[in-house]
Amino acid sequence: VRLPAEVNRILFVRNLPFKITSEELYDLFGKYGPVRQIRLGTAQDTRGTAFVVYEDIFDAKAACDHLSGFNIMGRYLIVLYFNPSKQTKKTDLAAKEAEVNEMRAKYGND
């Protein structure tokens, strides 16, 4: 069976209710296969998000297919495959912006 390139074992979940617990997430996502780890966002800017890591890629695909749009506690889940390149692009952009600003200050070019 050939899977699309973006499919991987790590799911990124958005639009979670703030009051949901890790145990409830394990119950929900565990229905699709063994879950290795769940990281629930607790900081101000990461609340309502979680990373769910499955043991098997096919279990992750089944969970993504079935739980995307699933209503839990009055909220519709957004389940995506984790894409590390998107995360690094944001940090690269900030670093490049700082570098450009530093050069502008050094050479006096606005």
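Here the structure is a predicted model, which is why all the values come from computation and not from measurement. (Residues numbered from 1 in each chain as written. Predicted model: local features only at pLDDT ≥ 70, side-chain atom pairs only at ≥ 80, totals over all residues. Heavy atoms only, no water.)

(A) Seen up close, the nonpolar core. Within the largest apolar cluster, 21 residues are counted, with the highest numbers of intra-cluster contacts made by Leu11, Phe29, Val52 and Tyr54. With four residues, the top contributor of residues to this core is helix 2 (residues 57–67). In this view, Val52 contacts Arg9, Ile10, Leu11, Val13, Phe29, Val35, Gln37 and Ile38; residues no more than four positions away in its chain are not counted. (Core = buried A, V, L, I, M, F, W, Y, C linked by side-chain atoms within 4.5 Å. Buried < 20%, exposed > 50% of the residue type's maximum accessible area, 1.4 Å probe, protein only. Helix = DSSP H or I, 4+ residues; strand = E, 2+ residues; numbered from the N terminus. Contact = heavy atoms within 4.5 Å.)

(B) Spotlight on the pattern of salt bridges. The full count for this structure, using the stated rule, is two salt bridges. The residue Glu55 makes a salt bridge to Arg36 at a minimum N-O spacing of 3.0 Å. Note that Glu55 is positioned in the loop between strand 3 (50–54) and helix 2 and Arg36 in strand 2 (residues 35–40), a separation of 19 residues in sequence. The exposure class of Arg36 is partly exposed, given its relative accessible area of 47%. A salt bridge links Asp65 to Lys61; the nearest nitrogen and oxygen atoms lie 2.9 Å apart. (Salt bridge = Lys/Arg side-chain N within 4 Å of Asp/Glu carboxyl O.)

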